[in-house]
Amino acid sequence: FDKDLEPLFLAGHITWQPPTDVSQLEHYIVYLAETPYASTRSQFGVDISLGTNFVLVPDNTPILPTQTQILVYARSSFFEQTTPVIEALSDASAYAKFVTFIDKDLDDLEIG
């Protein structure tokens, strides 16, 4: 859930449900990617310890316009899983519209 209202910046939490059987897992890896199974992906943060099922996205975290997917992979000591948990990235943005200001200060270059 994006709580940063600037375009191409994120904030909030990335969360996921752990698999039923975690006996072989060591950690999770979160990526931002262009497509659900992209070979070009960027790891977000560090590897996440088993038992932690979220990543905090700090305010004003920049993303690329092409990064439209969040991928969460589980990893064992041997390999990264082949099929991630996939979620479409929703970059929320908001702008003020129709802003007006009537200056009642009669001095040049002063507002009031």
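Here goes a summary of the coordinates provided. This structure is a prediction, so every number in the text was calculated from the model and none was measured.

Thresholds applied
- Residues numbered from 1 in each chain as written.
- Predicted model: local features only at pLDDT ≥ 70, side-chain atom pairs only at ≥ 80, totals over all residues.
- Heavy atoms only, no water.
- Helix = DSSP H or I, 4+ residues; strand = E, 2+ residues; numbered from the N terminus.
- Buried < 20%, exposed > 50% of the residue type's maximum accessible area, 1.4 Å probe, protein only.
- Polar contact = N/O pair within 3.5 Å; in protein donor to acceptor, adjacent residues only side chain to side chain.
- Contact = heavy atoms within 4.5 Å.
- Pairing = 2+ DSSP bridges.

A word on unusual backbone geometry
Of all residues except glycine, most have a negative phi; of all peptide bonds, most are trans.
At step 1: Phi angles above zero are rare outside glycine, and L8 is one such case at about 65 degrees.
At step 2: Mapped onto the fold, L8 is located in the segment before β1 (9-15).
At step 3: Unusually for a residue other than glycine, L109 sits at a positive phi of about 65 degrees.
At step 4: Here L109 shows up in the segment after β7 (85-88).
At step 5: Overall, L109 belongs to the exposed group, its relative accessible area being 90%.

Points about the side chain of Q67
At step 1: By the secondary structure assignment, Q67 is in the loop between β5 (54-62) and β6 (69-76).
At step 2: A polar contact of 2.8 Å, which involves the side chain of Q67, links it to the backbone nitrogen of L64.
At step 3: In contact with Q67, other than residues within four places in its own chain, are L32, A33, S42 and L89.

What to know about the pairing of strand β2 (residues 25-33)
At step 1: The element β2 is largely enclosed, with a buried count of 8 among its 9 residues.
At step 2: Where β2 lies against strand β4 (residues 48-49), 2 bridges are found, and the strand directions are antiparallel. Bridge pairing in β4 places H27 opposite S49.
At step 3: Pairing of β2 with strand β3 (residues 41-43) involves 3 bridges; the strand directions are antiparallel. Within β3, the residue paired with A33 across the bridge is R41.

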